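# Report on the structure
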Amino acid sequence: MMDTDKKLQASKVIAAPADDVFALLSDPNQHPVLDGAGMIQGVEGETPPISGIGQVFTMNMHADDLGDYRMVNSVTAFVPGARVGWAPKVDPTCELAEKLDGMDASGHTFTYDLRVVEDGVEVTSTYDWTGVKDPKFEEMFPRVSQEQLAGSLDKLSTAVG
């Protein structure tokens, strides 16, 4: 049973080949185009497509309540054509880290599962903060709404179309 208090999920069938959808999801350079929350500004530096668990990429972010900041993302799930996910944490060298004053700003993940169906590929996006350990950081969740999660899948559908 999913702990729905600390997870949000959205699913959408996208009329496109699974490999095309996966290619977009696994390329951090494309994430700003897919962001239903409008927080991702772009990647920091040269960022190749995700190719395995443990890979790290950094995103420049903006939120009205936090200003500009960077998130360091560690890949937590990678099954070519089927599953990709990452765990963001605040870059300890950015201004936001100072404002958070030692808060452990980690423990949440974004995961995309792909399942081939008759009309294309069903993509399920899961935003999970069950791993957040710092109570002060947990008070900030969810950072992304159910509508924004679903909006990302709409943007993915448009981008792959």
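Quick caveat: nothing in here was measured; it's all calculated off a predicted structure. (Residues numbered from 1 in each chain as written. Predicted model: local features only at pLDDT ≥ 70, side-chain atom pairs only at ≥ 80, totals over all residues. Heavy atoms only, no water.)

One broad rule of soluble globular proteins: the nonpolar side chains tend to lie buried together. Val21, Leu25, Tyr69, Val123 and Leu156 are the most contacted members of the largest nonpolar core, which has 47 residues in total. Per-element tally for this core: the top contributor is helix α1 (residues 18-25), with five residues. (Core = buried A, V, L, I, M, F, W, Y, C linked by side-chain atoms within 4.5 Å. Buried < 20%, exposed > 50% of the residue type's maximum accessible area, 1.4 Å probe, protein only. Helix = DSSP H or I, 4+ residues; strand = E, 2+ residues; numbered from the N terminus.)

Let's shift gears to the pattern of salt bridges. Following the criterion strictly, the structure yields seven salt bridges and no others. A salt bridge links Lys12 to Asp154, with the shortest nitrogen-to-oxygen separation between them at 3.1 Å. On the criterion of sequence distance, the pair formed by Lys12 in strand β1 (residues 7-14) and Asp154 in helix α5 (residues 146-160) is long-range, its members being 142 residues apart. Residue Lys12 is classed as partly exposed on the basis of its relative accessible area, which comes to 27%. (Salt bridge = Lys/Arg side-chain N within 4 Å of Asp/Glu carboxyl O.)

A word on the packing of aromatic side chains. For the structure on display, the rule yields eight aromatic pairs. With a centroid separation of 5.1 Å and an interplanar angle of 45 degrees, the aromatic rings of Tyr127 and Trp129 are classed as tilted. Of the two residues examined, Tyr127 and Trp129, each falls in the buried class. With a centroid separation of 5.8 Å and an interplanar angle of 20 degrees, the aromatic rings of Trp129 and Phe141 are classed as stacked. Placement of Trp129 in the loop between β7 (120-128) and α4 (135-138) and of Phe141 in the loop between α4 and α5 is noted, with a sequence separation of 12 residues between them. Of the two residues, Trp129 and Phe141, both sit in the buried class. Site record: aromatic cluster; members linked through ring pairs are Phe110, Tyr127, Trp129, Phe137 and Phe141. (Phe/Tyr/Trp six-rings, centres within 6.5 Å; stacked < 30°, edge-to-face > 60°.)

A word on unusual backbone geometry. Residue Pro142 is reached from Phe141 by a cis peptide bond, and omega for that bond is -5 degrees. For Pro142, the position within the fold is in the loop between α4 and α5. One non-glycine residue, Asp101, adopts positive backbone phi at about 50 degrees. On the secondary structure map, Asp101 appears in the loop between α3 (95-100) and β6 (109-117).

So, about the environment of Asp65. Looking at where Asp65 falls in the secondary structure, it is placed in the loop between β3 (56-63) and β4 (67-79). Asp65 sits 13 residues away from Gly52 along the chain, and the two C-alpha atoms are 33 Å apart. Engagement of the side chain of Asp65 in a polar contact is seen with the side chain of Arg143, the distance being 2.9 Å. (Polar contact = N/O pair within 3.5 Å; in protein donor to acceptor, adjacent residues only side chain to side chain.)

In this model α5 runs 22 Å from its N-terminal to its C-terminal C-alpha over 15 residues, within 8% of the 21 Å that 1.5 Å per residue would give. Every buried residue of α5 is listed here: Leu149, Gly151, Ser152, Leu153, Leu156 and Val160. In this structure, the buried residues of α5 make contact with β1, α1, α2 (31-34), β6 and β7. (Expected span 1.5 Å × (residues − 1). Contact = heavy atoms within 4.5 Å.)

Moving on: the sheet that holds β3. Here seven strands make up an open sheet; going across it, the order is β1-β7-β6-β5-β4-β3-β2 and the pairing antiparallel. Where the open sheet ends on each side, the last strands, each with one partner, are β1 and β2 (40-43). Strand-to-strand twist in this sheet, taken as the mean axis angle between neighbours without regard to direction, amounts to 25 degrees. Bridging between β6 and β7 involves nine bridges; their strand directions are antiparallel. Paired with Tyr112 across the bridge in β7 is Ser125. The strands touched by α1 are β1, β4, β5 (83-90), β6 and β7; relative to β6, the strand with the most contacts, the crossing angle is about 170 degrees. (Pairing = 2+ DSSP bridges. Axes fitted to C-alpha atoms, helices over the stretch in contact; angles between N-to-C directions.)

It is worth spelling out the side chain of Asp128 at this point. Note on placement: Asp128 falls in strand β7. Side-chain polar atoms of Asp128 contact the side chain of Thr130, separated by 2.6 Å.

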